[in-house]
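Given next are the chains, with one letter for each unit.
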Amino acid sequence: KHYITLFSKLRRFGKFCRWSDFTPSVIYDFDAFLSTERFPIRNSKTNEQLLSAASIYANHAKLRKMLCYAARKGKINRNPYDDVYLTRLKADKTAAIKYLREDEIEKVVAYRPNEKSQMEAHTLFVFQMFTGMAFADMMKFNKSMVVKDGDRYIYTAKRQKTGVPYHIMLLPTVVDILDSVGWTLPRKSLVCYDCNLKVMAKRLGITEGLTSHMARH
């Protein structure tokens, strides 16, 4: 649904017809177009409203992801967003970051639920906290990609989002988690995971709530 909305905006913009049209200068033009884009709303005197900064950022994020995939497939030489700097959007993104306080981290680590769904969500969230892995990368975790170097465990993989290789030294807490689940993490959909995190947050009295992304901050 969100990509259909993006494609609708790209058609109205009208400057992206071929892969070669995706250049940094045209991306800036698209940003200017989005800042004047209006969409209909109900119960309004004007019946129209400008896109919010968050909505503009969301459109850029989807287009950036699409072009990253195109670059990996050889449709374009490089992602034009690599040469684009949109100060306003970057500031909005930074302001939106939420993180856990130290006392909240302690609550999460000490949490001991009885239900299987909560136990699995807790395992995954703590794993994210101590690895910094994105949800998609965590769901691809495989023991075969771990190498033991002396007393250290090194995990090597490629980011699901960008295809860029990364390396993580697994901390003792992470190794303990993996030992407890036979080095095979529970598999969940993001929707199911986030629903369980909401329950966890409520039980622990974390008013900001919990999301998969928060575990990485």
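Our subject is the structure listed above.
Every chain begins its residue count from 1, and numbering advances along the sequence as written. Since the coordinates come from a predicted model, pLDDT governs what is reported: local features require at least 70, and pairs of side-chain atoms require 80 or more to be given and counted, while whole-chain, interface and lining totals use all residues. Water and hydrogen atoms play no part in the side-chain values, which are based on all heavy atoms of the structure.

Enquirer: What's the story with the overall build of the protein in this structure? I'm lost.
Expert: Counting from the N terminus, the helices are DSSP H or I runs at least four residues long and the strands are E runs at least two residues long. Summing up its helical and strand segments, the protein has nine helices and five strands in all. Whether a residue is buried, partly exposed or exposed follows from its accessible area with a 1.4 Å probe, protein chains only, as a fraction of its type maximum: under 20%, in between, or over 50%, in that order. Sorting the 217 residues of the protein into buried and exposed places 37% on the buried side. Long-range pairs, those at least 24 residues apart, make up 56% of the contacts in the protein between residues at least 6 apart in sequence. Surface summary for the protein: the accessible area is close to 13500 Å², and the carbon and sulfur share equals 55%. Any two residues having at least one pair of non-hydrogen atoms within 4.5 Å are treated as being in contact. The Shrake-Rupley method, run with a 1.4 Å probe sphere, supplies the accessible areas, and residue values consider only the shown protein chains as cover.

Enquirer: What's the story with a positive patch on the surface in this structure? I'm lost.
Expert: A contiguous patch of positive charge, built from Arg-64, Lys-65, Lys-161 and Arg-216, is present on the exposed surface. Looking at the element boundaries, Lys-161 is found in the loop between strand E4 (152-158) and strand E5 (165-170). A relative accessible area of 51% places Lys-161 in the exposed class. Patches were defined on residues exceeding 30% relative accessible area and lacking a salt bridge, with like-charge contacts within 9 Å and nonpolar side-chain contacts (Val, Leu, Ile, Met, Phe, Trp, Tyr) within 5 Å. A carboxyl oxygen of Asp or Glu within 4 Å of a side-chain nitrogen of Lys or Arg is what we treat as a salt bridge. Counted as positive: Lys and Arg. Counted as negative: Asp and Glu. His and the chain ends are not counted at all. For this purpose, a charge sits on NZ of Lys, CZ of Arg, CG of Asp or CD of Glu.

Enquirer: Mind showing me how you'd approach the pairing of E5 here?
Expert: Residues Tyr-166, Ile-168 and Leu-170 line the buried face of E5, whereas the alternating positions Pro-165, His-167 and Met-169 sit on a face that is not buried. Whether two strands pair depends on DSSP finding at least two bridges between them. Direction of pairing for E4 relative to E5: antiparallel, over a ladder of six bridges. The residue bridging Tyr-153 from the neighbouring strand is Leu-170, located in E5. Between E4 and E5, which pair antiparallel in sequence order, lie six residues; one of them, Gly-163, sits at a positive phi of approximately 80°.

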